[in-house]
Structures are given as structure tokens and as C-alpha cells.
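Here are the chains, one letter per residue:
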Amino acid sequence: MAIAKRTQKEIEKDCKRLKEAAKSVTSMKELEKATGLSYAMIKTTLSKHPTIFKRIKEQLAINKEKAEEEQKENVTNKQNEKVPGFVIDASIAGTKELKEILEKVCNSEAKIILTSITIKELKEMGKFEDKQAIDARYIIKLAAQNPDDFETVLIDETLDTPDDCIIKYCADNKENVTLLSSDGEMVLKARMHSIHAKYFEKPIKSDNSKNITHSKSRTVTLTLARRVGNKLLFSILETNLISTCVYSEGGEYNNGIRELKIGDDIFISTKKPDYITFAHYKVTSLYAENNCELIYSKRFYDYNDIDVPKDTYKSFIKDFKNKHNL
């Protein structure tokens, strides 16, 4: 059956429809869809109006360019949108809700933020064999396996305490981050800086877990040491949270930067919210990684019960207690 030929009046009406539709589409294909006219019908309609046809094609080109610019802008805006982040402090290890917390964040659009200081603290905690150590190793492994859910950030580590460094990072990004910690003092400090912070309480420790010991030697990387050229340099720290000492070739070194030698002994004690730690390392290589052997380490929850196998350990820990009024 032959298709009825459009009248001149219908063609003129279609011409107006085409001019109106061309304001919001970007191609001839879209123009066909918007008007219900085939390309042949459009061409026939506009054959007697070459100027209008030219303007419509120009309008389509303008619309297309504008649409592409808007698309690029939307992509840029999306890239610039900051994903909500949860900064976890190392003290979160050992809390009852840890896995539930991490799973909840991983299943959302938010990210778990591990600062450079927190990574170091988790690594140190993981050298023991209690629940905190198990959780610390779990967090490190989970972060390594799930880069889309975790964000690792290098922060300013020059402030007086690790907590202050983490709080400064949170303060600089407080519109977008929440601090998760089981350190009550740290949470209160964070709130003083108008940082969103959530406190998680740890289970009460039993008497059998007062002092946790690790005496099996193993190869580790000394986090306070750095490789410079062919030398391994160690920063001997003395802050309100940490004391270090290097014993080398019969000498005892308590400050400055020391070039390590194979066979040197290093003692480190740290103050945590509810315990102190002691560790003895022996330098076994001058490489940046796997450069020490952990000879002995212990965590003390009872500061009056310093039961260690060597007098040198006991003397170092007592000095640490005195310096920090413990």
C-alpha cells in the first residue's frame, strides 16, 4: 500500500517541530527519535529551507559540544568528591567489635584510613601473641588484600606524640573523616579539635594476661632505621612515649643518629594507654628490610611486676618508668 504524500501544510508543521526539537538534541538520530520523522522525511521537509537545515545542524553541533563539556565536568566533579573516611587508631585492635566495624565500612562507599604512624604501631603490636597482636596482624593483612576499601596516607610525624600526629591529620581533614579509637584520651583530644570521633571500649583483661611475653627470636624490619647509601642509620628517640638505646662495641648510645653495625643491640620501650612494652633487637644485616632479629619482647600491664630474664632489661625498663613517672 502506497504511503500518502504529506501536504505542504504538514511539511511546514514538521519544519517547526524540527526547529523546536533541535534545541535539546545532539544528533540527527536523536532528532529523528524526538520528532518521529525518518531522516528521509527530515531531508524532504528541509529541502526547501536550506538556511533552516544549516542552522539546525549547527545547533546540533553546539548541543553536542555542550553535552561533552558537561560530561567532562561531571566526571571531574565526581573525581574531586571526597569519599568519607574512617581513621583507625592502633588502639582499636583488641576491641570486641573490630571485625564488625571493618566489615561495615568495607561494605559502604567509605574508606578505612591507615596513617603511616598507625601502620608502624600495628606492626609493633603484631609481634606479640595476645588478642591485640592477632587483631593488628589481621588489620594489616586485610588492608593489603583490599586496596579499594583502605587508604594509606603518609602524615606529618614530627609532632611530640603519635597521637598528636594522627589528630593533626584528622583536624586537617575533619569535614570528611571520623576517628575510631579505644584510647579515651585521644578521643577527647580529637573532639576538642571538632573532629568526629567514636570511642570503643576494650574487654577487661583477666589477671592471667597482665604481662605478655614474646621470647622466640625472629627476623624483623627495624622501623626506626633507614638505609642511606650503604649505611643503616638509626634515630635514637627519647620522647614522652618512647625511649631507645643502642649498644655497640661496648658503648651505650642514648641520643642522636647512630650508624648501625652488625651485632649491635637495640632496646626500645614504648608507653601505650594501658601498658608499656619492651623489645630487644640485634642487628643482623644493613639492608633496609629484615635487618634485625627480635631477641626478646614483653608487654607490661602491671608496672610493678618487671619480670625479665636479664638485668640489663630490668635496668632499662626501670629507667623508662622513672623518666615517664610510671
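Residues numbered from 1 in each chain as written. Predicted model: local features only at pLDDT ≥ 70, side-chain atom pairs only at ≥ 80, totals over all residues. Heavy atoms only, no water.

For the rest of this paragraph, the subject is the sheet that holds strand β9 (residues 231–236). Pairing between sheet strands relies on hydrogen bonds along the backbone, with the strands arranged either parallel or antiparallel. Taking strand neighbours across the sheet as the criterion, the 3 strands line up as β8-β9-β12 in an open arrangement whose pairing is antiparallel. Of all strands in the sheet, those with a lone pairing partner are β8 (225–228) and β12 (256–259), marking the two edges. Shown here is a sheet whose adjacent strand axes are inclined to one another by a mean of 30°, direction ignored. By the bridge criterion, 4 bridges tie β8 to β9 in an arrangement that is antiparallel. The partner of Arg226 across the bridge, within β9, is Leu233. (Pairing = 2+ DSSP bridges. Helix = DSSP H or I, 4+ residues; strand = E, 2+ residues; numbered from the N terminus. Axes fitted to C-alpha atoms, helices over the stretch in contact; angles between N-to-C directions.)

Counting 23 residues, the largest nonpolar core has Ile88, Ile92 and Ile139 as the members making the most contacts within it. Elements with a minimum of two residues in this core: α5 (98–106), β2 (111–115), α6 (116–125) and α7 (131–145). Beyond its immediate sequence surroundings of up to four residues, Ile88 is in contact with Leu102, Ile112, Ile113, Leu114, Thr118, Ile139 and Leu180. (Core = buried A, V, L, I, M, F, W, Y, C linked by side-chain atoms within 4.5 Å. Buried < 20%, exposed > 50% of the residue type's maximum accessible area, 1.4 Å probe, protein only. Contact = heavy atoms within 4.5 Å.)

Once that is clear, we can look at the packing of aromatic side chains. Ring pairs (aromatic) are described by centroid distance and by the angle formed between their planes. Under the criterion given, the structure shown has 9 aromatic pairs. When the ring of Phe267 is compared with that of Phe316, the centres are 5.6 Å apart and the planes differ by 80°; the resulting orientation is edge-to-face. Of this pair, Phe267 sits in strand β13 (residues 265–271) while Phe316 sits in helix α10 (residues 311–323), and the two are 49 residues apart along the sequence. With a centroid separation of 5.2 Å and 25° between ring planes, the pair formed by Tyr296 and Tyr313 is classed as stacked. On the criterion of sequence distance, the pair formed by Tyr296 in strand β15 (residues 292–300) and Tyr313 in helix α10 is long-range, its members being 17 residues apart. Considered together, Tyr296 and Tyr313 belong to a single accessibility category, that of buried residues. Chaining the aromatic ring pairs together yields one cluster made of Tyr247, Phe267, Phe278, Tyr296, Tyr313 and Phe316. Lys99 extends its terminal NZ or CZ atom over the ring of Tyr138, reaching a point 4.7 Å from the ring centre. (Phe/Tyr/Trp six-rings, centres within 6.5 Å; stacked < 30°, edge-to-face > 60°. Lys NZ or Arg CZ within 6 Å of the ring centre and 35° of its normal.)

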